[in-house]
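Here is how the chains run, residue by residue.
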Amino acid sequence: MGAGGGGPAPIAAGDRDTAVRRLQEAYGEGLLPDGELDGRLQRALTADSHHELAEALAGLPEPPPPSTATLTGATLGGRIHRRGAWEVPRTLTVASALGRVRLDLARAVIEHPVVDIDLRLGTGGARITVPRDAVVDLTGLLPGLREPRYRPRRPARPGGPTIRITGVLGVGRLRIRHARW
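What comes next is a walk through the structure.

Rules used in this analysis
Residues numbered from 1 in each chain as written. Predicted model: local features only at pLDDT ≥ 70, side-chain atom pairs only at ≥ 80, totals over all residues. Heavy atoms only, no water. Helix = DSSP H or I, 4+ residues; strand = E, 2+ residues; numbered from the N terminus. Contact = heavy atoms within 4.5 Å. Buried < 20%, exposed > 50% of the residue type's maximum accessible area, 1.4 Å probe, protein only. Pairing = 2+ DSSP bridges. Salt bridge = Lys/Arg side-chain N within 4 Å of Asp/Glu carboxyl O. Arc of directions from axis to C-beta.

**Concerning the side chain of Thr129**
Here is step 1 of the chain: The residue Thr129 is located in strand β8 (residues 126-130) in this model.
Here is step 2 of the chain: Discounting chain neighbours no more than four positions away, the residues touching Thr129 are Leu103, Asp104, Leu105, Ala106, Arg177, His178 and Ala179.

Written out as structure tokens, the structure reads:
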């Protein structure tokens, strides 16, 4: 129990997924013997606390720090465009005072189960295309003058990344859509 007496924080699904992925990668790199993987996976999947989750990962090398990147429209009216097979960092900050933002994640390389996009728009608009199986979370977004335009896919297919969009829109408009393929 912590000092506040409220008990340990619950384990998020993303934490469990990360632990399972670390165990699988460690096995693939030869860091875990054959007979040990199943037991550690079982402990990770049934852990009730972060301490138990850490025990399942004991002895493994620490993962690299989460990747972050910042994209800015540096010039007046500067545009930010990313499309094709670009590598999406774990945390992406996008800032544009006047320009347009176009992020196409449909063919991007997304290696993280959760991607946080901190969007800072002034008067320019943003259009984000997410993978077909992505789950979009807008709970941390302050819409400004216009509400974002987004229709979730029905039903969402399991296994896709979660794209969490936070930040401030200003007077710009945000449009989010799922890739068609």
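So much for the structure itself; the text now carries on.
**A word on the pairing of β8**
Here is step 1 of the chain: With 4 of its 5 residues buried, β8 lies for the most part within the structure.
Here is step 2 of the chain: With 4 bridges joining them, strand β5 (residues 101-104) and β8 adopt parallel strand pairing. Among the inter-strand pairings, Arg102 is bridged to a residue of β8, identified as Arg127.

**Looking at the pattern of salt bridges**
Here is step 1 of the chain: All told, the structure shown has 4 salt bridges when counted by the stated rule.
Here is step 2 of the chain: One salt bridge in this structure joins Asp116 and Arg164, with 2.6 Å as the shortest N-O distance. You can see Asp116 sitting in strand β7 (residues 114-121) and its partner Arg164 sitting in strand β12 (residues 162-168), a full 48 residues away along the chain.
Here is step 3 of the chain: Where Arg120 meets Asp118, a salt bridge forms, and the shortest distance between an N and an O atom there is 3.2 Å.
Here is step 4 of the chain: Under the relative-accessibility criterion, Arg120 is labelled partly exposed at 38%.
Here is step 5 of the chain: Residue class for Asp118 comes out buried when judged on its relative accessible area of 19%.
Here is step 6 of the chain: Among the charged side chains, a network of salt bridges with common partners joins Arg90, Asp116 and Arg164.

**A closer look at helix α2 (residues 34-46)**
Here is step 1 of the chain: What α2 keeps buried is the set Leu37, Arg40, Leu41 and Ala44. Summarising the axial view, the buried residues of α2 lie within an arc of 105°, below the 170-degree limit, and thus occupy one face. Along α2, exposed side chains directed more than 90 degrees from the buried face belong to Gly35 and Asp38.

**Focus on the environment of Arg127**
Here is step 1 of the chain: You can see Arg127 is positioned in strand β8.
Here is step 2 of the chain: Sequence-wise, Arg127 and Leu103 are 24 residues apart; in three dimensions their C-alpha atoms are separated by 6.4 Å.

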